[in-house]
Amino acid sequence: MLAAGILGYTGLSMKHVIDAGAGAVITKSMGIEPRTGYPNPTVVQTDCGLLNAMGLPNPGINNFKGEMKELQKLEAPTIFSLYGFSVEDFAKVAQAAVEIGAAAIELNVSCPHVKKAGAQIGSDPTVLTKIVKKVKKQVNTPIFVKLTPNVTDISEIAKASQKAGADAITAINTVKAMAIDVETGRPILSNKFGGLSGPAIKPIAIRCVYDVYSSVDIPVIGCGGITCWQDAVEFMLAGASAVQIGTAIAFKDLNVFSSVNKGIQAYLERRGFNNIKEIVGLAHKI
Ligand SMILES: Cc1cc2nc3c(=O)[nH]c(=O)nc-3n(C[C@H](O)[C@H](O)[C@H](O)COP(=O)(O)O)c2cc1C
């Protein structure tokens, strides 16, 4: 799947990703109202990933309807990533997303750089429970909860999500981080701190997927630093039933989707596995 926030702004960009081999696409996180996001600089390239604090810029859910025209005839589902500042926000935006064609909803309760949304919600099992329950009641589509690694115990948050009715857990969003310019002596991002993605965070994401897989019975979707098929297989061995790719598109190109697909297929054949299900969570059985 295409991870949220990377090329998920327009119907056409998501169509390109599907044509390149993604099994599903996830939109940029959207809220009820349009949001400009933060002033630049919003992205910093680091040695082994990207550091971003975009501030959730998005057109607002009701202005996204037209983009769905590009995606209607395609087989790959469009999953809507959604954020909100309250339980009611989440319910409203979920309802609107379903009305314009969301096949599933991924609740972004894990953005590390927007106050009172994102990670602040996803670090509090009580608030998270209220949101998941309300959204489940509001709409009939599957609900994924995307978790932040910036917590002491990710298993506790995953368990609360499952108990509240989540259909799957996505792990992980970016890792809270910072960069400072040595000449100006100031933080580079206008928001000062942001979220780190790409290969730098892969071992953290693998550990999170491993922990979440051992604590819940719903599927886990792995995300964080995947750039090649070996990374995708590693996530599956840790417990992921599917994976998402984001930053690798910036460092490589859209061919990453087909090369990961082909690589997984070849690995399964070479190792004598019949399908992906046989390797999901295998690292736990040893
Ligand atoms: C520029 C940028 C924007 C992002 N925007 C979102 C977003 O809107 N919603 C969200 O849930 N995650 C967002 N993410 C996080 C990614 O979906 C993903 O969880 C994270 O980057 C780790 O995966 P990766 O290493 O494959 O990029 C963003 C990441 C980047 C680099």
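Predicted model only: the values in this text are computed from it and were never measured.

Trainee: I tried to follow the nonpolar core on my own but got confused; where do I start?
Mentor: General note: in soluble globular proteins, nonpolar side chains tend to be found buried as a group. Formed by 78 residues in total, the largest nonpolar core has its most connected members in Ile 61, Phe 80, Leu 82, Leu 107 and Val 145. Once you skip the residues sitting within four places of it in the chain, Leu 82 turns out to touch Met 30, Ile 61, Phe 90, Val 93, Ala 94, Ala 97, Ile 105, Glu 106, Leu 107 and Asn 108. Grouped together as the second largest cluster of nonpolar side chains are eight residues, Ala 24, Ile 79, Ala 104 and Ala 168 included.

Trainee: Can you walk me through the site of the ligand in this structure?
Mentor: Inspection of the region around the ligand gives 22 residues, with Ala 4, Ser 29, Lys 146, Gly 225 and Thr 247 positioned closest. Contacts to the ligand include Ala 4, whose backbone N or O atom sits 2.7 Å from an oxygen atom. The contact in question runs from a nitrogen atom of the ligand to an N or O atom on the side chain of Ser 29, over 2.7 Å. Starting from 610 Å² of accessible surface for the ligand in isolation, the protein chains cover 95%. Spatially, the ligand is embedded in the largest pocket. When its residues are assigned to classes, the shell around the ligand shows eight nonpolar, twelve polar and two charged.

Trainee: How should a positive patch on the surface be read in this particular structure?
Mentor: On the surface, a cluster of positive charge is made up of Lys 115, Lys 116, Lys 176 and Lys 192. Of note, Lys 176 is situated in strand β8 (residues 175-178).

Trainee: In this structure, what is going on with the environment of Asn 261? I would like to understand it.
Mentor: With respect to the element layout, Asn 261 can be found in helix α9 (residues 255-271). Asn 261 gets classed as partly exposed once you look at its relative accessible area, which sits at 41%. Sequence spacing of Asn 261 and Gly 60 is 201 residues, and the spatial spacing of their C-alpha atoms is 33 Å.

Trainee: For this particular structure, what's the right way to read the sheet that holds strand β11 (residues 240-244)?
Mentor: Sheets are built from strands paired through backbone hydrogen bonds, the pairs being either parallel or antiparallel. The sheet built from seven strands is open, its strands ordered β1-β4-β5-β6-β7-β10-β11 with parallel pairing. Two strands bound the open sheet, and with one partner strand each, they are β1 (25-26) and β11. Set on the sheet, helix α4 (residues 125-138) makes contact with β5 (104-108) and β6 (143-147); between it and β6 the angle comes to about 160°.

Criteria and cut-off values
Residues numbered from 1 in each chain as written. Predicted model: local features only at pLDDT ≥ 70, side-chain atom pairs only at ≥ 80, totals over all residues. Heavy atoms only, no water. Core = buried A, V, L, I, M, F, W, Y, C linked by side-chain atoms within 4.5 Å. Buried < 20%, exposed > 50% of the residue type's maximum accessible area, 1.4 Å probe, protein only. Contact = heavy atoms within 4.5 Å. Near = heavy atom within 4 Å. Polar contact = N/O pair within 3.5 Å; in protein donor to acceptor, adjacent residues only side chain to side chain. Areas by Shrake-Rupley, 256 points an atom, 1.4 Å probe, with all protein chains shown as cover. 1 Å grid on protein atoms, 1.4 Å probe; cavity = no way out; pocket = protein on both sides within 12 Å on 5 of 7 lines; lining within 4 Å. Sits in = over half its atoms within 2 Å of the grid points. Nonpolar A, V, L, I, M, F, W, Y, C, P; charged D, E, K, R; others polar. Patch = residues over 30% accessible without salt bridge, like charges linked within 9 Å, V, L, I, M, F, W, Y side chains within 5 Å. Salt bridge = Lys/Arg side-chain N within 4 Å of Asp/Glu carboxyl O. Lys, Arg positive; Asp, Glu negative; His and termini not counted. Charge placed at Lys NZ, Arg CZ, Asp CG, Glu CD. Helix = DSSP H or I, 4+ residues; strand = E, 2+ residues; numbered from the N terminus. Pairing = 2+ DSSP bridges. Axes fitted to C-alpha atoms, helices over the stretch in contact; angles between N-to-C directions.

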